[in-house]
Structure formats: C-alpha cells, structure tokens
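Fold and geometry: a report
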Amino acid sequence: MTPSPGAHRFRIRFRAWRRGPERGGGSGSPSGPTRMASSAARGPRCRDRSRRGRAGRGSASAGSSRSRSRAREDGPRALRALPPLARLPRPEEAAAAAEPRPPSERPDGPAPAEPGGGPGEPSSAAENGAVPAPRAAERRGQKRAKTEMLLLKLSQDLECPSPQPLCVREVLGSSEAPEGTETTPGGRPKRRAAKVALLYLQELAEELTSVYQPPAPTEGAQEPELERIQKKRRSRRRKEEETDSDDPARDADFVPSKEVLLQAEEEEGSDAPLSEASEPELEVLRGHSGKVSSAGRSKPQCRGLAPNGFHNSIMVPVEKCSSLTCSLRDQKYSQWEFPDWIPAAHKWTCLSESEAAPYLPAEEKSPLFSIQREGIEDDGVLYRVNRFSSLQPHEERRDVSFFVGGPVWAMEWCPCPEGSAATQHVALYCHGSMEETRSVAGLHRGPALLQLWALGTLQPEPGSADRAGLAYAIAADHGCVWDMKFCPSGAWEPPTTARKHPQMCRLGLLAVAFSDGKVVLYALPHPGALRRSMRTQVKDGSVPKHLICKVQSIATLQVGSVQAGNVSECGQCFSLSWMPCKPHHHLAAGFYDGTVAIWNLLTTSLLQCVRQPDGSLKLYPFRCFQAHDHAVRSIEWCKADGNFLVTAGSDRKIKFWDLRRLYEPINSIKRFLSTEVAWLLPYNGVTVAQDNCYASYGLCGIHYIDAGYLGFKAYFVAPRKGTVWSISGSDWLNAVVAGDITGELVAAVLPDLAVNPLNIKRSSDRRFPVYKADLLPCSPAGPEEGEKALPRTRRYGEMVTASYLRFRDTDLRSFKNFPGREPMRRMHTQETKAELSLDRLQLEALHKVRFSPNLDAGAWLVSGGQAGIVRLHCLAGLATGLSRELLPERRARFRSRSSPRASSPGPAEGSPLPVE
C-alpha cells in the first residue's frame, strides 16, 4: 500500500523538527536561542533527554529507541543519562568536571565547543574512556540520584589517599572495546550504573569489616576456609541491607531476583563446618546487623551425631521438651487432690468364679505368635499364652507380652509422681469376643470387664524385669468401654500410707466412658491394700488368683442440661479428657450427636450435684455446646492452658475452642476423617491420626496441625497405607507413636514446631518402626516354608487355625547406622508398596497405643489390638537424657518430700504420708 504525498510530507517535517537546528532543521523547528530557552524552561530532565537523543543519532533504530524511552518517563532519568562506563574517573578529572561552567560552555548550549572536532566526532575524554562526574542540581532543594551520589563519592575518593583505577569492564567480564557503545537488541544503551554501585558497596563492606580482627582459630588448617566463609556472609548481609533500603520503583536493577534470595537463604542456613572459635565472631556480626538480630533467635549448634546415633538436630528438641515438661509440671501439677474420694473396702465386693464368668472374655488362649528381634537369631518358637498370663520379659530388650482375652479398644497408664520408683499400672478394656462388633448409634448396656495390670517398676537400667500380671478387674454393667482417663496428678499416694479401716490407700482416679451414655468415676486402691481387705470378706481367707470385684462408683456423670437434653438424645460417649491443670476439677466428654459436655467435679450446686441413696454422686455438666454435626471421636485439653480444647468429629472437622467464648471455634479445619488427636505440651497444635477412607493417595498417615496462631501449614509426620487407629504423644521424648490396621507400630521424633515446619529437611530420618506384626499362614503341625494364601474369612476360629502372628521387633537401644538397617528399609517399603486385605479378619491390626506419662517409665509404651496380645516396649535410645540427668534429681527430690513423719489416716497439708 503506497502512502499519500501528504503523509510523506508530514513525516519529513516531523523528522526535521526532531533533528533540531544543529543539522539543518526544517521550517517547523525553532531557532537556536528559542530552543535553548525552551530547554532551560523545561528543566534538566528535558536537557538530558535531548542530549541522549543527540548521542544516539547515528543508528538507524535510534528513533524507535527514543520513542520507547519517552514512554517510560516515570523511570529513573539519572541512570539513562549515563553513557556506558569503561573505567572510573581519576580524582583530578572528577574535580575538574564538577566545577560549574557558564551556560555557553555547557554541552546542552546552542553551539557546544568540543575539543575533538565537530558535533559528530567523539571527544578525547570519550576516547580515553573517562566518565564525566555528575553535575550538581541546578534548582535548590532538588535531590540527587543515588547513583550520582555514589559515583561522586567514588570519584572524590575521600577514604583512599592513593586510589587505583578500577576497570569496570574487567570486573563485569565485558569483552567489548571500551570505546564501543553496548546496546540492547532494541537499540537502547545498557545501564551499568547499578552494577558499579553494587561493586562499590561490596568493596566498602569488605573495608569496614576488615577493621575487626577475628580471634585466631584453634586449628590452623581451617583458617583460610573460615575467613572465606565469614567474608562471604558479611558481604552478603551488607548488600542485602543496602538493597532493602532502596525503593524498588526507582531502579529495577537494584531489585534482587527470587533466585538470589533463595540462594542467600540456603547458604545462610547451610551446615558449613565452623569451629567453636568462630561462633562468637558470628554472634558479634549478627548483633551489628539490625535485620539479622530482629529476625529472632540465633541458630543453635546442631551438628554431628548424638551418642544414640541420631543427628543432633533431632535430639536437641527432645532435651528442650524434657526440661520444659519438668518446669511446667511443677507449676501445673498437684501433690494431692480430691481428699474426700478415698476407696473404701465395703464398696468393693469380690466375685466368685461363677459370678465373674459372664464378665470374662470368651477366649482362654491367645493365637499362635512368634517374636523375631533384630540382632538376635530367631529360634522359631511359637507361643500360645493363657488368658490373663504373660511371657517372661526378655533379658536384653526387656519387652513384655501378655494376653488379655479379646480385642483391645481402650487403654491408659496410671500416673504417679516423678521419682517415686513405684510399680507401673495400665488399665485396659477388651471386647468379650473376637468377632464382637458394636454399633455407634443408640445406647447399649451389657457386661464389661475393666482390667488393671501391674507391670513392675520398669527401671531404665538393664536387669531382671518383673513379669506383668493382672492386679484386679472391675465388673460393670454399663456396656462396652470406648475411652478411659486417669486424673493427671494428685490422686496417687504411696502404697505404704497408713489408712484406718475401711479406707484403703489410693492408686488413682479413673473416669470411664461407657456405651450407655454415662461416664463413671472410680477411686482405685493399690492392689496390695485391696487384697488385704478382701481376705476379711472370704470365709476361708483365700483370695482367688484373678481378683474380680463389683465396685460402687464415686460419681456418675451424665448430661441433663437444657442445651444437651437427656442421655438418650446425646447417645454414646466416645472420648474423655481430664483437665491437665490443677486442681483437675473439670472433665470433658464428647458424645455421638456432636455434643461436648464439661463437668465440675467439685461443685456444690444443687442443680449440678445430686447425692444418691448409696452415697455416690450424680453430676450434671455446667457447660454444654454443639461442637460437631456428628460424633465427637476425640477430645483433648491443652496441657499448658486449661482454657483451650480441641475436638475431632466424624464430620471430618478438627476444631480448636476457647472455653471463654464458645459461640465460635478459634479455628476449624476440614481435611479428613480423624480417629484420634494428641496435644503435646510445648506446642500450640495437635498431631492427628486419620482414617484412610477420605485421604488422598499418599497423604494418609499422621499430620501435625497448627491451632491457627502461627499460621503454619500442616506438617506431614509419617505416611501410612491403612487407617491409623490410635496415636499417643510423649512430653518427655517430644515424640509420637501410632498403630495402624497393617499391624505396624511407628514412632516419630517431632521437630521444634514453634518454627515453621516447612523448612525441615529429611523428615524420614525422624521416624522409625517399633515392631511390625504380620499374619502368616501355617499348618496344624507348624509354619510352612512356602507361604500360601490366607483364608478370606472374618471368623476368628477359622483364621486362628490357619495362620499365626509374627512380631518383628527393632533394636531400640541405639540408632547408629539406622537408615541402612533392615527395619528401616522394611518400613519405607511398607509405606509405598503395602497391600491391604480388607476382605478378611485383620488379626494383626493395632487399635490402641499409649506412651507412659511418668518420668520413671518415660521411655516405655504399651500397645494392643485385634489379637488381644498387649506388648510393652522401651525406647531406651531416646531416653538417655532422662535416665542420666532428670531421673536422679527427681528421685532425690521425692525422697526428701516423703520423709518419715507421724502416721495419720490421711494426707495432711496436701501431701501423702508414708508409714513410719
């Protein structure tokens, strides 16, 4: 398409007007004086733009470059006005250039006098590569650009008496000639003022930091490496501070890229090998930098391996958590609470064998099982244990196994004071039949048996361990048990405490959630005191081997307020939580319809406490609220503050509550179907075990979820293939343990979750298997060499005759070379390639697992599942700090508190008294 003559004439006049009077502008261009006056009126920016237009007139693409530069007039003018730099000016040149000149001698005058020739020829200064110093601002109050100030300071060289000319082209690695003008593909000259300024700041930082003389390192071979690392970090911090102080809108070259920032963070958080002598120097430098010092705490020394084989970065939070638990328990725990609730002998009735038969589990013998221990040759022995009997503890590993008679669905440790060195007890409940199933809807009543097992002292030192035995059992008619909780502190007294008959020395207070919708509170006596009292009830004075008693409870808790209605409306009680802060007078429970009820156990209100004819109490809650749309599957109190509560429901929601404002939760998270939660003492979040029915592929397992205060994302603790039925946390070890449907018991050491857990590396090194239970086929004569398919049946009788259980235990005394050991390789294979067989009875499944809350047995955990075999293990490798430091101190403190005094029927002044 041919342009019209009019358009052609317009373009010629426009170019002539743009060209100006120097090269014979057209009739539309103004004269020389008029143009100078208009340029002076427009200010320095227009003069810079006209000077830049004359400098780039030689190229064919200068017109398009000038039009693009006019479109970006909001950008910085100072950097665009500078030509490409070849070298920095000498002091005498910069001083001469900085002197003011008359308007006739200025380069933007009507007839500039250039010594090198005409206007199109380069000057001698340009040939030598010198850069004229930036001119001072002509208007009063006008601010100089930062680049001009830096170049002016560098040209005057106030700090170096004998400067050396710095070749910027060599520093920047440019291969072009100094007299050549380097341009972008669009024709615009490249801006290198930002690079020159950054180089100057780097040299200035090195000069300033070189004044500080670091102490001589202990090893001479590491001195050059240490100086290089420290100099690199100091220069990077100085550059970051100067870069952050600039406005990014003024010059885009000063804005660091995301890659640079990520690289700086990785290098600053890297584990560079620094000696102890260099750490004080780094702390001094951090103190001089405002940005680094305000960021938070200094990073602790976490290099190398701990004596147990774990990395020090894994063990540091464990030691921190142990000391914090000690200090907080001194504040939150009590020595003696509920002094009126003392077990009495006349409220306990010993049952005969015929009377106790309806309450006993149906199975009298356990299924066949074998135990393979890492590092010990397998003898191939198959065990079958009688009901309420146990195996002898292993001499080296000290693991214990006993059979309770049915599938375990509730279990809890009995708390005792730190340093008491007392016998440890575990309370548990199992179904009466291996094939028994319970509906969660509606209310159910029937026989139930609560078992209390004595496990011995469980000393951390290796030696002869005590065999576990059934201390006594409680027969109840309230249906099956879904949860049970002991009073955290103040309910235990020494077994030698003197009590007048019929009172017995108290072991603890136990709250039990039954399927008839009631919560029953029992005051448990010490087994020895109970047996002495039962001898007076029997005619011949002989007590049966397994003591089973009918007990009159201390109190019965049920709903009855206006908000919650009656017991039938709320349904079964699935979860309990005792207030962890003294005086432990609040108890919370979650029900089938989503209601959470809270009772005040010490209330004297006639509307909340009713005394029954038999002397027991009937308590009603003082607070009820609708927490979920469906059943509350787990509830947990915050151990650091009694005002906060967390609930997990069948509506797939986890909610954090502030009991001072219950009209809405603090935080509500809908992720997956949770089975149980554990709230560890030092953190403001919970670890959650989940069902795999709603979990995405690869995301089923154990998660840590923040309550919402810090805003952290969920931290994936450990992946699991099947449903995780139970989870428990240890405040002493900063660890959690979980049992799943595949029969694997996995423990994980948590990081310091007070900081963002997304920066944690190698999370797989923090978890390890405790043991793995496998169901293998066998013949009636014994196990077969070749495995065959297991029977696809849900009947216990058919499954137990055609299969046996194999437990493979991990050596937990040391974790040296742990990633390459066989249990770790097996665990990683199980996490990725495990197969679930849901069309048969899951005899190997683990339903309940609990860490010991007591310091004397802080490394022990107990687990049980579908087979009715309860196992006890010690994480001796994690408890080195407990047994070495905390335990001796607490035992000496306990002995000083319980020194012999005058005997009394009950504890006086808040502490239990032993017999003289």
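Residues numbered from 1 in each chain as written. Predicted model: local features only at pLDDT ≥ 70, side-chain atom pairs only at ≥ 80, totals over all residues. Heavy atoms only, no water.

Let's shift gears to the overall build of the chain. Of the regular secondary structure elements, the chain holds 21 helices and 36 strands. In the chain, of all internal contacts separated by at least 6 residues, the share reaching a separation of at least 24 is 65%. A total of about 44100 Å² of accessible surface is found on the chain, and carbon and sulfur atoms cover 52% of it. (Helix = DSSP H or I, 4+ residues; strand = E, 2+ residues; numbered from the N terminus. Contact = heavy atoms within 4.5 Å. Areas by Shrake-Rupley, 256 points an atom, 1.4 Å probe, with all protein chains shown as cover.)

Right, let's get into the side chain of Thr556. Along the chain, Thr556 turns up in strand E13 (residues 555–557). The residues touching Thr556, leaving out its near neighbours within four places in the chain, are Lys518, Val519, Leu617, Lys618 and Leu619.

Turning our eyes to something else, we now look at the sheet that holds strand E14 (residues 573–578). If you walk across this open sheet you meet the 4 strands as E14-E15-E16-E19, and the pairing is antiparallel. Single-partner strands in this sheet number two, and they are E14 and strand E19 (623–626). Taking the axes of each pair of neighbouring strands and ignoring which way they run, one obtains an average angle of 15 degrees across the sheet. Note that E14 and strand E15 (residues 586–591) share 5 bridges and pair antiparallel. Bridge pairing in E15 places Cys573 opposite Phe591. (Pairing = 2+ DSSP bridges. Axes fitted to C-alpha atoms, helices over the stretch in contact; angles between N-to-C directions.)

Here we come to the side chain of Lys848. Mapping Lys848 onto the fold places it in strand E34 (residues 846–851). By relative accessible area, Lys848 is classed as buried at 10%. Not counting the four nearest positions on each side in its chain, Lys848 is found in contact with Val408, Trp409, Ala410, Met411, Glu676, Ser726, Val862, Ser863 and Gly864. (Buried < 20%, exposed > 50% of the residue type's maximum accessible area, 1.4 Å probe, protein only.)

Relative to the assigned elements, Ser370 resides in strand E2 (residues 369–373). Between the alpha carbons of Ser370 and Arg808 there is a distance of 8.5 Å; along the sequence they are 438 residues apart. Once residues within four sequence positions are removed from consideration, Ser370 is found in contact with Val381, Leu382, Tyr383, Tyr804, Leu805, Arg806 and Phe807.

As summarised here, the arrangement of the 4 strands in space is E20-E21-E22-E23, forming an open sheet in which the pairing is antiparallel. Among the strands making up the open sheet, the edge pair consists of strand E20 (632–637) and strand E23 (667–670). Taken over all neighbouring pairs, the strand axes of this sheet differ in orientation by 15 degrees on average, direction set aside. The pairing of strand E22 (residues 653–658) with E23 spans 4 bridges and is classified as antiparallel.

A few words on the pairing of strand E10 (residues 506–514). For E10, a buried count of 9 out of 9 residues is recorded, marking the element as mostly surrounded by other parts of the structure. Where strand E9 (residues 481–486) lies against E10, 5 bridges are found, and the strand directions are antiparallel. Looking across to E10, one finds that Val481 is bridged to Phe514. As paired elements, E10 and strand E11 (residues 519–525) share 7 bridges and run antiparallel to each other. Bridging across to E11, Val512 finds its partner in Val520. Here E10 folds back onto E11 in antiparallel fashion, the turn holding 4 residues, of which Gly517 has a positive phi close to 85 degrees.

The next point concerns the packing of aromatic side chains. Scanning all chains against the criterion turns up 20 aromatic pairs. With a centroid separation of 6.1 Å and an interplanar angle of 45 degrees, the aromatic rings of Phe310 and Phe768 are classed as tilted. Of this pair, Phe310 sits in the loop between helix H14 (290–293) and helix H15 (312–332) while Phe768 sits in strand E31 (residues 767–779), and the two are 458 residues apart along the sequence. We note that Phe310, like Phe768, is buried. With a centroid separation of 5.6 Å and an interplanar angle of 85 degrees, the aromatic rings of Trp409 and Trp725 are classed as edge-to-face. Highlighted residues: Trp409 in strand E5 (residues 408–413) and Trp725 in strand E28 (residues 724–730), separated in sequence by 316 residues. (Phe/Tyr/Trp six-rings, centres within 6.5 Å; stacked < 30°, edge-to-face > 60°.)

Between its first and last C-alpha atoms H15 spans 30 Å; for 21 residues at 1.5 Å apiece the expected length is 30 Å, and the two agree. Those residues of H15 that fall on the buried side of the exposure criterion are Ile314, Met315, Pro317, Val318, Cys321, Ser322, Thr325, Cys326, Leu328 and Arg329. (Expected span 1.5 Å × (residues − 1).)

Moving on to helix H17 (residues 527–534). Among the residues of H17, Pro527, Ala529, Leu530, Ser533 and Met534 are the ones counted as buried. Along H17, the residues classed as buried sweep out an arc of 160 degrees about the axis, all on the same side. Contact partners of the buried residues in H17: strand E1 (348–350), strand E6 (424–430), strand E8 (469–476), E11 and strand E12 (548–551). (Arc of directions from axis to C-beta.)

For Leu750, the position within the fold is in the loop between strand E30 (744–749) and E31. The class for Leu750 is buried, based on a relative accessible area of 1%. Taking the C-alpha atoms as reference, Leu750 lies 5.9 Å from Asn734; in sequence the two are 16 residues apart. Apart from residues lying up to four places away in sequence, Leu750 is in contact with Pro317, Leu680, Tyr683, Thr687, Val717, Asn734, Ala735, Val736 and Arg766.

Time to look at the pattern of salt bridges. Tallying each qualifying case throughout the model produces 32 salt bridges. In this structure, Glu418 and Arg329 form a salt bridge, with 3.0 Å as the shortest nitrogen-oxygen distance. Of this pair, Glu418 sits in the loop between E5 and E6 while Arg329 sits in helix H15, and the two are 89 residues apart along the sequence. Taking the relative accessible area as the measure of exposure, Glu418 reaches 17% and is therefore buried. The partner of Glu676 in a salt bridge is Lys848, and the shortest N-O contact between them spans 3.7 Å. Of the two residues, Glu676 is situated in strand E24 (residues 674–678) and Lys848 in strand E34; the sequence distance between them amounts to 172 residues. Across the pair, Lys848 and Glu676 agree in class, each one buried. Sharing partners across several salt bridges, the network here consists of Arg720, Asp740, Glu744, Arg767 and Glu831. (Salt bridge = Lys/Arg side-chain N within 4 Å of Asp/Glu carboxyl O.)

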